[in-house]
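# Architecture at a glance
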Amino acid sequence: MQCEVCQSKEATIHLTEIADGVRTEMHLCEQCAQEQGVGTKSYIPLNELLSNLLSAGPKGEEPAEPAESEPVCPNCGYTLDKFRDKAVLGCPNDYEVFEKQLLPLIKKAHDGATCHCGKVPAKIPTDSKKQLEIAQLRQQLDEAVRKEDYELAAKLRDKLAEFK
Amino acid sequence: MKLTEISGNINEWFSGEGPLSDVVISSRVRLARNLAGHRFLAACPATEKAEILRKLKDVLMALDLGDEVFYIGVDKVPALEKRFLVERHLISQNHAFGKGPRGAVIARREFFTAMINEEDHLRLQVLKAGCQLSACIEQINRIDDLIEQKVEYAFSPKYGYLTACPTNLGTGIRVSVMLHLPALKMTGQIEKFLNAAKALGLAVRGLFGEGTEAAGDFYQLSNQITLGVRENDIVNQFEKTIIPEIVEYEHAARSQLLSHDASLLDDKISRALALLKNANLISSQEALFLLSHIRLGLNMRKHQGASTPAIDRLCSLGADVGDAGNAGTTDKISIVTVNRLFLLTLPAHLQLNYGKELDSTHRDALRAQIIRSALNG
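In this text the structure is predicted, and so the values were computed from the model without any measurement.

Conventions and cut-offs
- Residues numbered from 1 in each chain as written.
- Chains lettered and ligands numbered in written order.
- Predicted model: local features only at pLDDT ≥ 70, side-chain atom pairs only at ≥ 80, totals over all residues.
- Heavy atoms only, no water.
- Buried < 20%, exposed > 50% of the residue type's maximum accessible area, 1.4 Å probe, protein only.
- Helix = DSSP H or I, 4+ residues; strand = E, 2+ residues; numbered from the N terminus.
- Contact = heavy atoms within 4.5 Å.
- Phe/Tyr/Trp six-rings, centres within 6.5 Å; stacked < 30°, edge-to-face > 60°.
- Lys NZ or Arg CZ within 6 Å of the ring centre and 35° of its normal.
- Polar contact = N/O pair within 3.5 Å; in protein donor to acceptor, adjacent residues only side chain to side chain.

Moving on to helix α3 (residues 79–87) of chain B. Residues and elements named next belong to chain B. Among the residues of α3, those classed as buried are L80, K82, F84, L85, V86 and E87. In this fold, the buried residues of α3 make contact with α1 (4–7), β2 (69–72), α4 (93–96), β3 (103–107), α12 (335–344) and α13 (347–354). H89 occupies a position one or two residues after α3 and carries a positive phi of about 65 degrees.

Here it is as structure tokens:
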């Protein structure tokens, strides 16, 4: 079945509306459906996500700070503006330099996660391994508190104390 | 190695074999990695990109993968070869048409590719036929470990593997499966699948990944979250929950077609067959669309024992088996015949095998001719 609007693509969204007892049907392709505000996008394009998040600022996270000089990465010379423009970062160091500004974006893209768990390079220094475990424990602790699992939270807190 | 050495055949991951292969065409795991001590590519001058390329190429070409590997200087090959590599899922569109020094190290059997200087310094991928994500992750981890013995990756204890785009941060993993869902489409339930995928935070793309539309009822489903989740947990979620459920829905839709809409199903298969056997011009979109219905009919016979007038007619059809060594051999039509036609009639495959670039009308004529002669074999 062809899309009723563009008359070219296959209609994949079939809308049935019943208003005042009158039934109307619409058959649209995904693109036309989106243009008409019907149907859903299967994923948010990255650029949209980036520009929405970075232009909106840390809404609800913390009050906006007075304009200070924009941070510049000493390693690659990137600024946030440049990141916004390119949609990719300039170097690994940017994650530290722009950490505060990137955090809302990272959280949004990864369902609230702010800490890595999973594979770790074998060559990582022992110090870093320890840091990683601490960071993961902190994340688990936050999660336990959020779920009000205080028994688990207490255990995690004790473990963290051991590390320190 | 010349690409024409592989362009006349289908590859392992498109063999039509493997677990759940009537719905899951292939499984893929990709890892994004960057070298410590270098800037990400967007901030790299060409000299630094060339240095990264040289370093990684040397490491990758020396790996023991149990298969011959070859290198393609992606920035140096003609556009047609780039498009061919994209059609074969060996490199991405971004890699093919990006900027600056870049290349790909590819295993001859095509189960492994390393893209050097795509969006990240290194993108590793392992591809297998059917639902085989566990095998993919196991193999890619082994390869990743071997590489890591030779280079130092950019890694932070807090954020994991550091990637050029924060959306790949952490594990840098992208797990994806290529699904063939013709019955969900025919029964008008595909939107349900798209919405369910969205609710699970998964991305749905077309046959050739990012930025491509679903064609011929093929959908690529992949994870989007890469931070705060273990690689194996993502793979397990796909293998134990997501894929079995989708396969069950597609099977239910196929059964529904057989029991309630056999005439609709038969009509689609008969029309597809009539057009494919007789048309003089076929676009690649139309070929994908029609071959999709043929594939459905064959799989319903093979996996569900379906018998309808159109499926019976389809299954008794002789076809040119078309192995490189046995051209002209005829046998009954099979999934392999259809998969071969899917791949070999894509625009760049068509032109590379023909030996020169063709305009779209000539391509459509050649495509129709290849399909006609295979199905009337």
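From this point, things continue past the structure.
Two residues of an α-helix separated by three or four positions point the same way, owing to the 3.6 residues in each turn. Residue and element names in this part refer to chain B. The complete set of buried residues in α13 reads A348, H349, L350, Q351 and L352. Elements that come into contact with the buried residues of α13 comprise α1, α3, α12 and α14 (360–375). Positive phi shows up at G355, right after α13, with a value of about 100 degrees.

What follows is about the packing of aromatic side chains. Residues and elements named next belong to chain B. In total, this model carries seven aromatic pairs over all chains according to the counting rule given. Each ring, one from W13 and one from F14, has its centre 5.3 Å from the other, and the planes form 20 degrees; the classification is stacked. Comparing W13 with F14 shows no difference in burial state: the two are buried. With centroids separated by 5.0 Å and ring planes inclined at 75 degrees, the aromatic side chains of F155 and Y161 adopt a geometry described as edge-to-face. Like Y161, F155 is buried. In this structure an aromatic cluster arises from ring pairing among W13, F14, F218 and F342. Sitting above the plane of the Y161 ring, R33 keeps its charged end 3.5 Å from the centroid.

Before going further, it helps to spend a moment on the side chain of B:D22. All names here are of chain B. Here D22 is to be found in the loop between α1 and β1 (24–33). The exposure class assigned to D22 is buried, which follows from its relative accessible area of 4%. Discounting chain neighbours no more than four positions away, the residues touching D22 are H180, H251, R254, R295, N299 and H303.

Quick look at the environment of B:D145 now. Here B:D145 shows up in helix α5 (residues 133–148). Note on B:D145: relative accessible area 34%, which makes it partly exposed. Looking at B:D145, its side chain comes within polar contact range of the side chain of A:K119, at 2.8 Å.

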